[in-house]
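# Working through the structure, step by step
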Amino acid sequence: MLKLFEHDKLNVHELSDAQTAIDVRDLNLWFDTKHVLHDISMRIPKHCITSLIGQSGCGKSTLISSFNRLNDLHQGCRYTGEVNIDGHDINSKKQNVSQLRTRVGMVFQRPNPFPLSIYENVCYGLRLQGVRTRRALDDAVEQALKDAALWDEVKDRLFESAHILSGGQQQRLVFARALALKPEILLLDEPTSALDPLTTLFIEELMAQLKSRCTIVIVTHNMQQAARVSDYTAFLHQGQLIEYSDSDTLFTMPDKKQTEDYITGRYG
Amino acid sequence: MVEFLRNMTTAAQRQSYAISLSAFLCSMLLLVMISILMLIVVRGAAYFWPEPIEQLVYTSAESGEQKQVYAQTSLHQTAPHKVWQLQYSDARFPFGNKALVNADVLKSRRNAADAASVRLHDGRQLFARPLTVTMPQSHPFSAERFAKAQQHELALSQQIEQIRVQELAAIHIKLAEYDRRNVEKEAPAREKLRAQFAHWHKKILALEEERNAYTLQVAFANQQRYTLPLADIASLEFVSRLSWMEKWGVAFDNIAVFLTESPKQANTAGGVFPALFGTVLMVFLMTIIVTPFGVLAAVYLSEYAPDNGFTAAIRISVSNMAGVPSIVYGVFGLGFFVYTLGGNLDALFFTEQLPAPTFGTPGVFWAALTMAILTLPVVIVATEEGLQRVPDGLKAGSYALGATKAETIMRTILPIASPGIMTGVILAIARAAGEVAPLMLVGAVKFAPNLPVDGEFPYLHLERQFMHLGVLIYDGAFHSQTDAKGAPMMFAACLLLLAVVFVLNIVAVILRTRLRKRYLVG
Ligand SMILES: Nc1ncnc2c1ncn2[C@@H]1O[C@H](COP(=O)(O)OP(=O)(O)OP(=O)(O)O)[C@@H](O)[C@H]1O
Ligand SMILES: [Mg+2]
């Protein structure tokens, strides 16, 4: 019902470079000695929603975090292989990580607004970019909050603490914070798992609208949600990419036995 | 024994015993704390409250004669029999003596409404009945006459002071200049100055003689007379005649004097302003020094340092440093800061003053620096705790928006950790304000002629020695071992020190609460 844009589904295994937003090649990742990602190779198409599903602990968050090098925060994280965005390998030494993260936004499972005002939360990234003029900031804040469908609810109390907002509002504020930087790619790590069904629906609608502007990668445990919102779905199991195709195919006639077991809930 | 207890009691009983025991110990602790506080508050407040003067007749224990005195009395002990402590004045001890008098030798005791407490500028005090005011003719005492005589005397004193400051000081400066330029002893310019000096000096002597004619005659309880120069008298108060309200007025005056004036009579009378000022200044300087150092060190330890054994060792030594006896820091401050650092500073920048040291001697800056080192571990540990409480989700959120590590620390981690930092600063302030021993080695003195801040360039004299409330109390306690004169002042100073620490703490706690509210994470 929410699939407003009915694409002709591309074959994810035969994407051209122009159609690819993220090109992952032979990605292996270790935390200390623990091998978390095994030889992941996949191409994530532009201006689509791609969801990652899989059991808890299979490495979804780790995979999505390797698209903006957030795994670097953990000591003892090592990786090999390439992650190409716009034809550049972001894993290379020359990559400016801060700049990469402004192009690849991320929203986490739990809303994590800074203990600042609503306005300052949205400005955070822009101020880091050196945007100083009041007008530019005002406009960007308004636009970002409108994009996140939060503007009407907070426009009268922009300078109050972000903590007065409800959980769902906070999550949309975090969306607005990421959108203020106009990212090419938006990474969503279980963005709705802490929210009620209605707010979840709201955010799903938001994603559908954002699709025209950026590529979205979403991690979710909710199979219906993956089927509902995403164009493509990848199934991970114990750090391996088991199956990756358009959502309709994956959920209706999965190729692999493991996938079928998982989506029908036969895994423990 | 343990076995026996276990067999004899049920689990519920054992638990209730444990609870009662811990509650008992807790209440003991509370009791001790309350008694300390009560003692200090009561004895300290007594210093300010005007006690009525009484006329007492008793048989002296030393001579066996009957004595009649004006005195302030306080109960010294009640058991096994009542003993009064008297602070009295008589012809032998006009400015007060102490005596213990058994209740059974006390013949009579009544309020002495006609006796006054006369306080001198140097802090001494005398109880007597004013008889006549000489100005220079003698008149029977009355409050108006006394006030008038005081006015005249004050005018004379001001004249003398003016001549001293304006004329004599100028001559002294010129003479000193001639000395420096090696002008001959018999040069005419010198002769002229000398003549001028003689002229003004004679004038002063004349004025002083005139002033000395202003006196107050008083009588002690046994009718012996005594004469006081009016110039010495600071105040005269008929304490026994005061109403409740007037007593409060006097008490507030006393508090004001205590807070704003310098100590007199070797720190047993007068005020404590220099010590109060010195304490606050030292604590302030220490806070300025210790906060950035402590915070930066904690940031490095918890955010940048690799998570290995070496860091862990550093962390452990930092927390152990908090337990090093403070006198060790004092010795370190003296040996390293004062002699080594200060000595080298002198050799580099103040060569013209040598061999007289400028920074190579104990002073307020070295004291602040020593206290900063002493309190550094407290600040580091508290800050680290604050830093550790910053949720990882927020840090990740900041990084995900393109912030570098430094930006994340500045914009997210430090503000959220600021209540923790404040906690460290509070602890540091309380510790520094209360230390005595190390301070005495690195700059705190019993009496300092000048404040570290004055109107002379560069206004803040970091190399000067300073007075400190704790040192004052220590000094008072030493005095009171031999005679009880300094004791009341010591208690008053204790009360003030408590008040200072309390106020500093309250300020810091309010600030912390605000920060907590502002940077609430949840
Ligand atoms: N910082 C870390 N240090 C060591 N091991 C880690 C770290 N982060 C994750 N892991 C391990 O990596 C594996 C994958 O973790 P990840 O968080 O990617 O799982 P996930 O698929 O996102 O699970 P969930 O659905 O529960 O969020 C897990 O086994 C986890 O124990
Ligand atoms: Mg996860």
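Quick caveat: nothing in here was measured; it's all calculated off a predicted structure.

The next thing to look at is the interface of chain B and chain A. Contacts between the two partners involve 23 residues from chain B and, on the opposite side, 23 residues from chain A. Carbon and sulfur atoms supply 63% of the area that chain B and chain A bury against each other, a total of about 1800 Å² over both sides. Together, Ala 400, Leu 401 and Arg 411 of chain B form the three largest contributors to the area buried by chain B at its contact with chain A, with a combined 37%. Between the two partners, chain B and chain A, sit three residue pairs in polar contact (both at pLDDT 80 or more).

We now examine the site of ligand 1. Residues and elements named next belong to chain A. Within the structure, ligand 1 sits among 14 residues, and Ser 56, Gly 57, Ser 61, Thr 62 and His 221 are positioned closest to it. In the environment of ligand 1, an oxygen atom lies 2.5 Å from a nitrogen or oxygen atom belonging to the side chain of Ser 56. At 3.3 Å, a side-chain N or O of His 74 approaches a nitrogen atom of ligand 1. Grouping the constituent residues of the shell around ligand 1 by class yields three nonpolar, eight polar and three charged.

As a volume, the second largest pocket reaches approximately 870 Å³. If you trace the second largest pocket, you find 30 residues lining it, with Leu 73, His 74 and Gln 75 of chain A together with Asp 392 and Lys 395 of chain B closest to the centre. Contributing elements (two or more residues each) for the lining of the second largest pocket: α1 (60-65) of chain A together with α6 (273-304), α7 (309-321), α9 (364-388) and α10 (392-400) of chain B. Here the element with the most residues in the lining of the second largest pocket is α10 of chain B; it accounts for five residues. Taken together, the residues of the lining of the second largest pocket break down into 13 nonpolar, nine polar and eight charged.

Here the focus is the confidence of the model for chain A. With 96% of its residues at a pLDDT of at least 70, chain A reaches an overall mean of 88. Scored below 50 in pLDDT, residues 1-6 of chain A shows nine contacts in the model against residues more than four places distant or in partner chains.

Cut-offs applied
- Residues numbered from 1 in each chain as written.
- Chains lettered and ligands numbered in written order.
- Predicted model: local features only at pLDDT ≥ 70, side-chain atom pairs only at ≥ 80, totals over all residues.
- Heavy atoms only, no water.
- Contact = heavy atoms within 4.5 Å.
- Buried area = accessible area lost by both parts, 1.4 Å probe.
- Polar contact = N/O pair within 3.5 Å; in protein donor to acceptor, adjacent residues only side chain to side chain.
- Near = heavy atom within 4 Å.
- Nonpolar A, V, L, I, M, F, W, Y, C, P; charged D, E, K, R; others polar.
- 1 Å grid on protein atoms, 1.4 Å probe; cavity = no way out; pocket = protein on both sides within 12 Å on 5 of 7 lines; lining within 4 Å.
- Points joined across faces, edges and corners; volume = space filled by probe spheres on them.
- Helix = DSSP H or I, 4+ residues; strand = E, 2+ residues; numbered from the N terminus.
- pLDDT = per-residue confidence, 0-100.

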